[in-house]
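Coordinates in review
The primary structure of each chain is shown beneath.
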Amino acid sequence: MVNRLLLIILLFCSMSMASGFFLEDERPVPIKEEKSNWSYGFGTGFSFLFRQLDLSLYGTLQYRINNQWAISGVIASDILESRYDFGARGLWYFYPEDFLMAGVSGVLLVQESETVFPPRISFGYGKDFLPWENAHFFLRTVISISYVIGDYIESSPTELGIIEINQVVLHGEFSILFF
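Let me begin by describing the structure that accompanies this report. Every value quoted in this text rests on a predicted model; they were computed, and no experiment measured them.

On to the environment of Tyr-58, then. By the element assignment, Tyr-58 lies in strand β2 (residues 52-64). Judged by relative accessible area, Tyr-58 falls into the buried class, the value being 8%. Put simply, Tyr-58 and Glu-173 are 115 residues apart on the chain and 8.3 Å apart in space, counted from C-alpha to C-alpha. Ignoring anything within four residues of it in the chain, the contact list for Tyr-58 reads Gly-41, Phe-42, Gly-43, Thr-44, Gly-45, Val-74, Ile-75, Ala-76, Arg-89, His-171, Gly-172 and Glu-173.

Put into structure tokens, the structure is as follows:
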């Protein structure tokens with residue numbers, strides 16, 4: 001009986017000593033690569049304007065100042081209408097992936113009578129998604145509202161010759177940015 005008990009104790013001790021062998025991995029831990037402060041990308045978006053959705057293409061260049069602040073330049077073009085947007089945005093990250101956005105831009109409107117370039121201000125909320133840990137890009141969604149200052153956006157004339165005007169536009173955006 002004592003021999004069996006001694007054998008069981010010896011067996012448990014040898015198992016506990018050998019169990020740490022597999023945990024002591026001598027391979028070095030890979031150093032996590034730092035993200036670049038610069039990122040660039042493209043995307044698509046929609047604007048709710050004149051009771052319809054307009055599709056746009058976006059190009060973005062962003063510089064991340066620190067963990068909370070970033071600035072970006074944006075170029076956008078409406079595919080169906082002659083509207084182009086050029087501007088800058090300030091981003092405040094209040095959570096690692098969530099941010100509030102404020103922007104100033106100019107909207108180049110090619111209308112039937114003339115071409116105008118009124119300023120526009122935008123405010124919105126966005127979120128960045130890293131699809132997996134070692135990805136070299138992230139996905140971004142933004143929803144914002146903008147106001148055209150001093151002028152308005154005209155719609156194309158309808159069959160009856162009616163032209164609608166608008167100053168407030170609701171935007172949604174989906175982009176992919178590389179760093």
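In this structure, Asp-98 sits in strand β5 (residues 98-110). The residues touching Asp-98, leaving out its near neighbours within four places in the chain, are Trp-92, Tyr-93, Tyr-125, Gly-126 and Lys-127.

Moving on: the pairing of β5. When strand β4 (residues 83-93) meets β5, the two strands line up antiparallel, connected through eleven bridges. Paired with Leu-91 across the two strands is Met-101, which belongs to β5. Counted along the chain from β4 to the antiparallel partner β5, the turn is four residues long. Bridging between β5 and strand β7 (residues 119-129) involves nine bridges; their strand directions are antiparallel. Across the sheet, the residue bridging to Leu-100 is Tyr-125, located in β7. In the sheet, β5 pairs with strand β6 (residues 115-116) via two bridges, with the strands oriented antiparallel. For Val-110, the partnering residue across the bridge sits in β6 and is Thr-115.

Taken as a whole and assessed by the stated rule, the structure comprises two cavities of 30 Å³ or more. Size it by volume and the second largest cavity reaches roughly 130 Å³. Where the lining of the second largest cavity is concerned, the elements lending two or more residues are β4, β5, β7 and β8 (137-148). Here the element with the most residues in the lining of the second largest cavity is β4; it accounts for five residues. The class makeup of the residues in the lining of the second largest cavity is six nonpolar, seven polar and three charged.

Looking now at the packing of aromatic side chains. What the rule picks out here adds up to ten aromatic pairs. Through a chain of ring-to-ring contacts, the aromatic side chains of Tyr-40, Trp-132, Phe-137 and Phe-178 assemble into a single cluster. Just above the ring of Tyr-93 sits the side chain of Arg-64; from NZ or CZ to the centre is 3.7 Å.

Within the largest apolar cluster, six residues are counted, these being Ala-70, Leu-91, Tyr-93, Phe-99, Met-101 and Val-142. Contributions of two or more residues to this core are made by β4 and β5. Excluding residues that lie within four positions of it along the chain, Met-101 makes contacts with Arg-89, Gly-90, Leu-91, Ser-122, Phe-123, Gly-124, Val-142 and Ser-144.

Within the structure shown, the criterion is met by four salt bridges. Taking the shortest distance from any N to any O, the salt bridge between Asp-128 and Arg-140 comes out at 2.8 Å. Highlighted residues: Asp-128 in strand β7 and Arg-140 in strand β8, separated in sequence by twelve residues. In this pair, the class of Asp-128 matches that of Arg-140, namely buried.

By secondary structure assignment, the location of Trp-69 is in strand β3 (residues 69-78). Counting along the chain gives 21 residues from Trp-69 to Gly-90, while the straight-line C-alpha distance between them is 7.4 Å. If near-sequence neighbours (up to four positions away) are discounted, Trp-69 is found in contact with Arg-64, Leu-91 and Trp-92.

Here is what the cut-offs are and how they apply
Residue positions within a chain follow its written sequence, with the count starting from 1. Reporting of local features is limited, given that this is a predicted model, to residues whose pLDDT is at least 70; pairs of side-chain atoms are given and counted only at 80 or more, and all residues count toward the totals for whole chains, interfaces and linings. Excluded from the side-chain calculation are hydrogens and water; included are all heavy atoms of the structure. A run of H or I in DSSP counts as a helix once it spans at least four residues, and a run of E counts as a strand once it spans at least two, with each numbered from the N terminus. Accessible area is worked out with a 1.4 Å probe on protein chains only. A residue is then buried under 20% of its type maximum, exposed over 50%, and partly exposed in between. Throughout, a contact is declared for two residues whenever any of their heavy atoms are within 4.5 Å. Here, any two strands with at least 2 DSSP bridges between them count as paired. The pocket and cavity definitions rest on a 1 Å grid over protein atoms only: a 1.4 Å probe that fits but cannot leave marks a cavity, an open set with protein on both sides within 12 Å along at least five of seven lines marks a pocket, and residues lining either have an atom within 4 Å of a point. Grid points are joined across faces, edges and corners, and a volume is the space filled by probe spheres set on the points. Ten residues, namely Ala, Val, Leu, Ile, Met, Phe, Trp, Tyr, Cys and Pro, are considered nonpolar, four, namely Asp, Glu, Lys and Arg, are considered charged, and the remaining ones, Gly among them, are considered polar. Stacked, edge-to-face and tilted labels apply to pairs of Phe, Tyr and Trp rings (six-membered ring for Trp) whose centres lie within 6.5 Å, assigned for plane angles under 30 degrees, over 60, and everything in between, in that order. Remark: a charge is flagged as sitting over a ring if the NZ atom of Lys or the CZ atom of Arg is within 6 Å of the ring centre and within 35 degrees of the ring normal. Residues enter a nonpolar core if they are buried and are Ala, Val, Leu, Ile, Met, Phe, Trp, Tyr or Cys, with the set joined through side-chain atoms within 4.5 Å. In the sections that follow, a salt bridge refers to a side-chain nitrogen of Lys or Arg positioned within 4 Å of a carboxyl oxygen of Asp or Glu.

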